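# A look at the structure
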Amino acid sequence: MSTGVNFQLSSFCIIGAGAIGGLLGINLALDAKADVTLIARGTHLKAIQSNGLRLIRPDGTERLWENVKATDDLDSLEGDFDVIIIAVKSHQVELIAHKIERLCHKNTIIVTIQNGLPWWYFYKHGGELDGMQLKSLDPTERLWQHIRLDRIIGCIAFGAASISSPGVIHHSEGYGFPLGEPNRTNSERATALSKVLTTAGFRAPVRKDFREEVWLKLLGNLTFNPISALTGATVADITNYQQASDLCRDMMLEAEQVAKQLGCTLRVSVDRRLQRARDLVGDHKTSMLQDVEKGKPIEVDILNGVVEVASLTRSQIPAISAIAKCTNLLNHVLEKNTKSKL
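Notes on the structure in this doc start here. Nothing here was measured: the structure is a model prediction, and the numbers come from that model.

## Some points on the overall build of the protein
Looking only at helices and strands, the protein features twelve helices and eleven strands. In terms of C-alpha radius of gyration, the protein reaches 19 Å, essentially the compact-globule figure of 20 Å for 342 residues. Overall, the protein is about 50 × 45 × 40 Å in size when its C-alpha atoms are taken along their principal axes. Expressed as a percentage of its 342 residues, the buried residues of the protein come to 54%. Working note: accessible area of the protein is about 15200 Å², and carbon and sulfur atoms make up 49% of it. Between the averaged position of the 39 positive side-chain charges in the protein and that of its 38 negative side-chain charges there is a distance of 1 Å.

## Thoughts on the sheet that holds strand β1 (residues 11-15)
The strand order across the open sheet formed by seven strands is β5-β2-β1-β6-β7-β8-β11, and the pairing between neighbours is mixed. With partners counted over all chains shown, the strands left at the sheet margins are β5 (69-71) and β11 (179-180), one partner each. With three bridges connecting them, strand β2 (residues 35-39) and β5 associate as parallel partners. Each bridged residue has a counterpart across the sheet, and for L38 the counterpart in β5 is A70.

## Thoughts on the sheet that holds strand β9 (residues 158-165)
Strand order in this open sheet of four strands is β4-β3-β10-β9, and the pairing throughout is mixed. Lying at the two open borders of the sheet, with one neighbouring strand each, are β4 (62-65) and β9. Each strand of the sheet is rotated relative to its neighbour by a mean of 25°, with strand direction disregarded. Where strand β3 (residues 53-56) lies against β4, four bridges are found, and the strand directions are antiparallel. The residue bridging L53 from the neighbouring strand is W65, located in β4. Sitting on the sheet, helix α1 (residues 19-30) touches β3, β4, β9 and β10 (168-176), and the angle it makes with β4 is about 80°.

## Some thoughts on the nonpolar core
Core analysis: the biggest nonpolar cluster contains 72 residues, and I15, I84, I100, L117, I147, W215 and L222 have the highest contact counts within it. In terms of residue count, the dominant contributor to this core is helix α6 (residues 210-231) (ten residues). If sequence neighbours within four positions are ignored, L117 has contacts with L137, V214, W215, L218, G305, V306 and V309. Core analysis: the next-biggest nonpolar cluster, separate from the first, contains 44 residues, A29, L45, I109 and V206 among them.

## Let's talk about the packing of aromatic side chains
Counted by the stated rule, this structure contains four aromatic pairs. The cationic tip of R211 hangs over the ring face of Y121; the distance from NZ or CZ to the ring centre is 5.4 Å.

## Describing helix α12 (residues 318-340)
Taking 1.5 Å per residue as the helical rise, α12 with its 23 residues ought to reach 33 Å, and the 33 Å between its terminal C-alpha atoms agrees with that figure. Within α12 the residues assigned to the buried category are A319, I320, I323, A324, T327, L330, N331 and L334. At its buried positions, α12 is contacted by α6, α8 (242-261), α10 (287-293) and α11 (301-312).

## Some thoughts on the side chain of H171
Here H171 is to be found in strand β10. A polar contact of 3.4 Å, which involves the side chain of H171, links it to the backbone oxygen of E173. A polar side-chain atom of H171 sits 2.6 Å from the main-chain carbonyl oxygen of G174. Not counting residues up to four positions away in its chain, the partners in contact with H171 are L23, L55, I56, R57, P58, A160 and A161.

## Let's talk about the pattern of salt bridges
Tallying each qualifying case throughout the model produces 17 salt bridges. Note that R148 is salt-bridged to E101, the shortest N-O span being 3.8 Å. Here R148 is found in the loop between α4 (142-146) and β8 (152-155), whereas its partner E101 is found in the loop between α3 (93-96) and β7 (104-112), with 47 residues between them in sequence. On the basis of relative accessibility, which here comes to 30%, the residue E101 falls in the partly exposed class. Where K296 meets D291, a salt bridge forms, and the shortest distance between an N and an O atom there is 3.7 Å. K296 gets classed as partly exposed once you look at its relative accessible area, which sits at 30%. A relative accessible area of 5% places D291 in the buried class. Overlapping salt bridges bring together E101, R148, D150 and R151 as one network.

## So, helix α5 (residues 188-199)
Given a rise of 1.5 Å per residue, twelve residues ought to cover 16 Å, and the 17 Å separating the end C-alpha atoms of α5 matches this to within 8%. All buried positions along α5 are accounted for by R189, A190, A192, L193, S194, V196 and L197. Phi for G201, located one or two positions after α5, is positive at around 100°.

Thresholds applied
Residues numbered from 1 in each chain as written. Predicted model: local features only at pLDDT ≥ 70, side-chain atom pairs only at ≥ 80, totals over all residues. Heavy atoms only, no water. Helix = DSSP H or I, 4+ residues; strand = E, 2+ residues; numbered from the N terminus. Rg over C-alpha atoms; globule rule 2.2 N^0.38 Å. Buried < 20%, exposed > 50% of the residue type's maximum accessible area, 1.4 Å probe, protein only. Areas by Shrake-Rupley, 256 points an atom, 1.4 Å probe, with all protein chains shown as cover. Lys, Arg positive; Asp, Glu negative; His and termini not counted. Charge placed at Lys NZ, Arg CZ, Asp CG, Glu CD. Pairing = 2+ DSSP bridges. Axes fitted to C-alpha atoms, helices over the stretch in contact; angles between N-to-C directions. Contact = heavy atoms within 4.5 Å. Core = buried A, V, L, I, M, F, W, Y, C linked by side-chain atoms within 4.5 Å. Phe/Tyr/Trp six-rings, centres within 6.5 Å; stacked < 30°, edge-to-face > 60°. Lys NZ or Arg CZ within 6 Å of the ring centre and 35° of its normal. Expected span 1.5 Å × (residues − 1). Polar contact = N/O pair within 3.5 Å; in protein donor to acceptor, adjacent residues only side chain to side chain. Salt bridge = Lys/Arg side-chain N within 4 Å of Asp/Glu carboxyl O.

Dropping the structure here:
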């Protein structure tokens, strides 16, 4: 059924122009000819403002996006973007949630791209847990309060990228960015967004089973990310070391059981998921390991959200719980060290 709204998506604001946000931004600007504004910070922002944003593709070829509109000040923007992509770490969204609505017009789409379960996971989910707010992902309820739920379209980043130096994104592999409406419909706005992302060179199908895609991505995030952060290992190190690979498999099987309790059947088996990581990802450093190496707090929400949902579904997840406790301790130490430097 038509909504009567003409979704011409031409202006984008990407909050968090790191590895994934930068990858999206440069391809949307150069290939889809979209009007893109980046929100970045620090030396990365300064390099983008001075020299543009450079992308190193998986095949080694490079491209440069010059004259980029980039800032670290959301308050300086005029607003009325067609699409706002939130690509900052999950624990950082709370800090900017109250500033997002003023950047929107009536039909603005808000796309969330975070590792782990989205804070809005149970919005229009159906069943006994419909509308449940996850305290581990939104402890202050600021996200639920400030970000309009009816604007949201979910997105998953299936791919590996990193900031190799300020102003330079190294894209290792993967072009999949599946989309999903919280109510599982194939809406006009989701279709319009899919077309723009496809023009930008990504695979962005609208999936009615989007939450299953969330869990499929999560199998990797809740295993490789914390184990790499705790040990300093790359994905190749983890998948090729039998004890670590076995631990990943145990954690993935536990997560799969939680997903099944919520009605999600994963289209890829745990063993196949592990094999794909072994074959395709290689010596990539996870985003969590990259943050540890920089002394920055890490995305513990990846694990804590699963622990909370497992409790809601009365699922037993001993391996995930143990790694979550260790990862929370690591994050506590990182936060303490960060504060001591201020």
